[in-house]
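Okay, here's what each chain looks like letter by letter:
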Amino acid sequence: MEENIHKVGTLYVVATPIGNLSDASPRSIEVLKSVDFIIAENPKISQTFLKKFEIDKPIAEFHQHVSPFKLAEIMIELAKGFSAAYISDAGTPTISDPGSRLVSAAADMGCPVIGIPGPSAATTLFSISGVASNRYYFLGFMPKRDYRKLLTDLKDFPDPIIFYESPYRLYDSFEILIEHGYGDYYCVVGRELTKKFETTYRGTVKSVRALIYTKDEYRGEFTVLIAPPNLAPDPKMVIGPVKPSKVGAIHTWKKRLYKTSIK
Ligand code: SAM
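Reading guide: rules and limits
Residues numbered from 1 in each chain as written. Predicted model: local features only at pLDDT ≥ 70, side-chain atom pairs only at ≥ 80, totals over all residues. Heavy atoms only, no water. Helix = DSSP H or I, 4+ residues; strand = E, 2+ residues; numbered from the N terminus. Contact = heavy atoms within 4.5 Å. Areas by Shrake-Rupley, 256 points an atom, 1.4 Å probe, with all protein chains shown as cover. Buried < 20%, exposed > 50% of the residue type's maximum accessible area, 1.4 Å probe, protein only. Lys, Arg positive; Asp, Glu negative; His and termini not counted. Salt bridge = Lys/Arg side-chain N within 4 Å of Asp/Glu carboxyl O. Polar contact = N/O pair within 3.5 Å; in protein donor to acceptor, adjacent residues only side chain to side chain. Near = heavy atom within 4 Å. Nonpolar A, V, L, I, M, F, W, Y, C, P; charged D, E, K, R; others polar. Domains from an automatic or database assignment. Pairing = 2+ DSSP bridges. Right-handed = clockwise from strand over helix to strand, strands pointing away. Axes fitted to C-alpha atoms, helices over the stretch in contact; angles between N-to-C directions. Parallel < 35°, antiparallel > 145°, perpendicular 65-115°, else oblique. Left-handed = near helix turned anticlockwise from the far one by under 90°. Phe/Tyr/Trp six-rings, centres within 6.5 Å; stacked < 30°, edge-to-face > 60°. Lys NZ or Arg CZ within 6 Å of the ring centre and 35° of its normal.

1. Describing the overall build of the protein
- Of the regular secondary structure elements, the protein holds eight helices and 10 strands.
- Across the protein, every contact between residues at least 6 apart in sequence was considered, and the portion connecting residues at least 24 apart equals 71%.
- For the protein, the exposed surface amounts to about 13900 Å²; the carbon and sulfur share of it is 54%.

2. Some remarks on the side chain of Arg202
- Examined against the element boundaries, Arg202 turns out to sit in strand S9 (residues 199–204).
- No salt bridge is formed by the buried Arg202, whose closest oppositely charged neighbour, Glu198, lies at an N-O distance of 8.6 Å.
- Within the structure, Arg202 has its side chain in polar contact with the backbone oxygen of Ile128 (distance 2.6 Å).
- Within the structure, the side chain of Arg202 is placed 3.4 Å from the side chain of Tyr186, a separation counted as a polar contact.

3. Overview of the site of the ligand
- In the vicinity of the ligand there are 19 residues, among which Asp97, Ser120, Ala121, Tyr164 and Phe222 approach most closely.
- At a separation of 3.0 Å, a nitrogen atom of the ligand approaches a polar backbone atom of Ile18.
- In this structure, a nitrogen atom belonging to the ligand sits 2.8 Å away from a side-chain N or O atom of Thr223.
- Its free accessible area being 570 Å², the ligand has 90% of it covered by the protein chains.
- When contributions to the shell around the ligand are tallied by element, the ones reaching two or more residues are strand S7 (161–165) and strand S10 (222–227).
- Tallied by class, residues from the shell around the ligand come to eight nonpolar, six polar and five charged.
- Both of domain 1 (11–118) and domain 2 (122–236) provide at least three residues apiece to the shell around the ligand.

4. Digging into the pairing of strand S2 (residues 37–40)
- With burial as the criterion, each face of S2 is covered, one bearing Phe37 and Ile39 and the other bearing Ile38 and Ala40.
- Pairing of S2 with strand S4 (residues 84–87), which is carried by four bridges, proceeds in the parallel orientation. Residue pairing for S4: Ala40 is matched across the bridge by Ile87.
- Bridge count for S2 against strand S3 (residues 59–61) is three bridges, and the pairing is parallel. Within the sheet, the bridge partner assigned to Ala40 lies in S3 and is Glu61.
- What joins S2 to S3 is helix H2 (residues 43–52), and the crossover it makes is right-handed.

5. A word on the side chain of Arg191
- Summarising the element assignment, Arg191 is placed in strand S8 (residues 186–191).
- Within the local environment of Arg191, its side chain forms a polar contact with the backbone oxygen of Arg219, the two atoms lying 2.7 Å apart.

6. Some thoughts on the sheet that holds S8
- A sheet is described by the order of its strands in space; here five strands give the open sequence S6-S7-S10-S8-S9, paired in mixed fashion. Both edges of this open sheet fall to strand S6 (137–141) and S9, since each of them pairs with a single strand only. Taken over all neighbouring pairs, the strand axes of this sheet differ in orientation by 15° on average, direction set aside.

7. Describing the packing of helix H3 (residues 68–79) against helix H4 (residues 100–108)
- Across the interface, H3 lies against H4 with an axial gap of 11 Å and an inter-helix angle of 40°. Comparing their axes, H4 and H3 come out oblique. Between H3 and H4 the crossing geometry is right-handed. Contact residues: Leu71, Ile74, Met75 and Leu78 in H3; Arg101, Leu102, Ala105 and Ala106 in H4.
- By residue class, the composition of the contact of H3 with H4 is seven nonpolar, no polar and one charged.

8. Here we look at unusual backbone geometry
- One non-glycine residue with positive phi stands out, namely Ser96, at about 55°.
- Along the chain, the position of Ser96 falls in the loop between S4 and H4.
- Residues other than glycine seldom take positive phi values, yet Asp146 does so here, at roughly 65°.
- Mapped onto the secondary structure, Asp146 falls in the loop between S6 and helix H6 (147–153).
- Exposure remark for Asp146: the relative accessible area of 61% places this residue in the exposed category.

9. Focus on the packing of aromatic side chains
- Taken as a whole, this structure holds seven aromatic pairs when the rule is applied.
- Centre to centre, the rings of Phe141 and Tyr164 are 5.8 Å apart; their planes meet at 65°, and the pair counts as edge-to-face. Of this pair, Phe141 sits in strand S6 while Tyr164 is found in strand S7, placing the two residues 23 residues apart along the sequence.
- In textbook terms, an aromatic cluster arises when at least three aromatic residues are bridged by ring pairs, as seen for Phe138, Phe141 and Tyr164.
- Note that Lys155 overlies the ring of Tyr182, its terminal NZ or CZ placed 5.2 Å from the centroid.

Structure below.
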């Protein structure tokens, strides 16, 4: 009897590298090779990754602005019993990326939804932050509007805060943080994490702002962590005065991290 019960397909939500393709897990590749079709935030962007691992599957597109009709087409395939893997442009889908609408539609329809964990810029930065905390508040992208209210509301927040920022807004974000009294907060900025020009900046919000801009190193992808001074790993890092010439931006593959300490 049981063989006659129709089974809906499984939706896998697969994390992909945030830059370094070697960070793709064997399981993620296995799943992408085993599903009937792939759903990608942007199929063109995912081509490099898929080609590198010789993954050649039919691809459907799913992003924030996809029409309900397109979503319905994907759901029909899952309803027929075909399995699919969803990948975003980089990192973990739904973490400041589309995918939640797809996941909830699939779950509503009774599809098993399986996460294949892997890289994310936020967790990567947290893991190298050294903050004395097991918790953090993830803001996603700093909101374009209402960020002043948000920063005022968060002023007494006891835990580290992580946010994504575009290179075009990075300078303004640091200015606004300083304006709202976060200048002496411990700060770690991860630029181009896992990539060729990976750089980690550590210090206070004020000193890191100076570092990034005196070195004209504001191109690339950035993730920012700020934390109240009491969570800083080494008090030397947050006690001024800050002399940018002595506080090196760290190319992590070249120098030891302790060189960031302010003397
Ligand atoms: N889903 C992704 C994740 O799990 O990290 C995040 C996607 S979000 C659309 C893209 C933003 O994440 C970038 O603008 C940047 O702020 C941050 N980001 C992504 N890759 C990064 C990297 N290699 N280094 C630093 N930040 C990165």
